[in-house]
Every structure is written in structure tokens, then in C-alpha cells.
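Structure at a glance
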Amino acid sequence: MVPQRNDASLDMETHGLLVVATNVDFAVYWTKLLDQQQQNHYTKTDSPAGLARKYRCLVCVKDPDSMDRLEAFQSKGTIVTHYVDAAKSSKRVFVRHKPMTTTTNNDDQHHWQECRLRITNVGHEKFRAACVRTKYKDSMDSNLAHWLWGPDDDSMNEVQYVMEIEGVAMTARKHQIRGQLAALGFPIVGDVLYGGGKCDIHSNHHVWQRMALQCCEVSFKEPEWDNNKDTKGKKKKK
């Protein structure tokens with residue numbers, strides 16, 4: 001069973017680790033961890049509940065100066081904060097500053113929620129970024145853009161590099177990693193919804209779309225069970 005929540009619904013386009021509860025007790029415990037994480041709005045460190053989810057992704061980069069900006073976030077330990085309009089169901093709006101809502105029209109209501117992301121690693125240990133466009137035709141990188149987006153996708157012409165990023169989501173919002181990175185100017189490769197281009201994988205005569213985002217680590221405080229109670233919370237009979 002997977003606890004379903006309005007503010008942290010399952011993103012089916014994300015790959016990697018998935019926490020699945022096999023009993024009611026753990027499902028309730030996991031939901032409490034998410035609630036505690038959501039209430040931790042003003043802490044500048046990870047959630048005191050001990051819940052942390054790390055994501056690894058490949059992002060689109062336009063120029064080397066942009067890489068410097070990402071590395072500054074990582075080196076300074078900056079908590080990147082955005083606000084998302086949770087009232088939107090498909091593509092969500094992520095902004096750096098919470099708008100002042102003045103409308104009284106019930107059909108145009110907004111529900112702004114805080115999103116916090118800490119970038120923990122930028123670039124691969126062997127190279128800073130991969131160049132996807134080069135003027136040298138004999139370079140191995142000259143065709144990488146075609147492999148990622150196809151030769152006819154003109155919408156990605158400004159992307160010059162792709163770069164690996166790891167980050168910890170300090171809040172649990174739908175599309176948070178995707179939306180925050182796109183708002184910073186670094187959409188995830190293959191994320192069509194937020195401007196990362198259409199990335200098609202061809203294998204065994206099949207074609208499917210992949211997004212370069214995965215949950216690579218989940219850590220949480222181990223629950224403390226009361227051995228004097230059964231699975232329904234009732235005291236055991238002696």
C-alpha cells in the first residue's frame with residue numbers, strides 16, 4: 001500500500017527507489033514522517049523527522065556561467081526556495097517569491113506552497129559536464145544532442161551541455177525537483193512538461209520516452225514498535 005496525499009502524490013515519471021508499506025502500521029508511520037517534514041518550513045537543515053530523499057538527474061545547461069551558479073549553490077549549502085501553486089493539476093507554476101493573492105474569484109484561487117531543495121553534488125567525478133553541441137564534427141559529443149532529442153528538435157538548440165546533479169528534497173511537493181530546476185533555468189533532460197525536450201529511447205523495435213530523473217537514496221528514522229501491542233495497537237493478552 002502507498003499512502004496517497006493531495007500535496008505529495010506519486011510522480012509516475014520519476015524512476016529509482018520507491019517506499020512501499022507492507023502493513024498498516026508502517027503506512028501510518030510514513031504518513032506521519034511526511035506530515036512532520038511539511039511542517040518544517042523554517043529550518044535551514046534537513047527535516048528533524050529524519051526523512052530525506054535524494055534525487056539524481058541530468059539537466060540542460062546553456063553556458064558555463066550557468067554551471068558556476070549551480071556549483072555556488074552546492075558549495076555554499078544554499079537552500080533553494082520556490083513557491084508552487086498547488087491548485088494547478090498538470091504543469092505547476094514555480095516562483096522564487098510568494099505572490100500576494102488579492103483575487104476574490106472562487107474560480108481563480110491559488111494555493112501557494114513552499115518548496116525547498118538543497119543541491120548536494122554538481123557534475124560527475126570524472127568530468128564537469130558533457131558537451132552536446134560542438135563545431136568539431138569528429139568529436140564524439142557532436143551527435144549527443146541528436147541522441148537525446150533527435151535531429152529535428154529545434155527547441156533545444158540553445159542547450160550546449162548536460163550536467164549531472166544530486167539534490168535533497170526538503171519538502172514533499174508534486175513535481176518539486178522538476179519544477180524548481182526548470183525555474184532556475186535547468187530543466188531535466190527528457191522532461192517535456194517543464195522544457196527539457198523530448199528524449200526517446202529506441203530498443204527492441206520499441207520507442208518510449210524517458211526522463212533523466214531518479215530517486216537514488218531514501219533515509220528515515222527507524223520506527224520504534226511497542227512489543228506489548230499487536231498490529232492493531234491493542235495490548236496483547238498474557
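Just so we're clear, the structure is a prediction, and the values are computed from it rather than from any experiment. Starting afresh in each chain, residues are numbered from 1 along the sequence in its written order. Reporting of local features is limited, given that this is a predicted model, to residues whose pLDDT is at least 70; pairs of side-chain atoms are given and counted only at 80 or more, and all residues count toward the totals for whole chains, interfaces and linings. Excluding hydrogens and water, the side-chain values take into account all heavy atoms of the structure.

**Topic: unusual backbone geometry**
Keep this limit in mind: The numbering of helices and of strands both runs from the N terminus, where a helix is a DSSP run of H or I of at least 4 residues and a strand a run of E of at least 2. Residue burial is assigned from relative accessible area. The probe radius is 1.4 Å, only protein chains are included, and a residue is buried under 20% of its type maximum, exposed over 50%, and partly exposed in between.
Phi at His175 is positive, roughly 65°, even though this residue is not glycine. Along the chain, His175 turns up in the loop between strand E7 (161-169) and helix H4 (176-183). The exposure class assigned to His175 is buried, which follows from its relative accessible area of 9%.

**What about the pairing of E7?**
Definition in use: Strands pair, by our definition, only if DSSP identifies at least two bridges between them.
The element E7 is extensively covered by neighbouring structure, given that seven of its nine residues are classed as buried. With nine bridges joining them, strand E2 (residues 52-61) and E7 adopt antiparallel strand pairing. Residue pairing for E7: Cys57 is matched across the bridge by Ile165. By the bridge criterion, two bridges tie strand E6 (residues 130-131) to E7 in an arrangement that is antiparallel. Residue Cys131 lies in a different strand from E7, and its bridge partner there is Tyr161.

**Side note on the environment of Gly16**
Note the threshold: Here, residues are in contact when the closest pair of their heavy atoms is within 4.5 Å.
Counting through the fold element by element, Gly16 comes out in strand E1 (residues 15-16). Residue classification places Gly16 among the exposed residues on the basis of a relative accessible area of 54%. The sequence separation of Gly16 and Gln214 amounts to 198 residues, and the corresponding C-alpha distance is 4.7 Å. Non-local contacts of Gly16, meaning those with residues more than four positions away in its chain, are made with Gln214 and Cys215.

The analysis is restricted to geometry; functional conclusions fall outside its scope.
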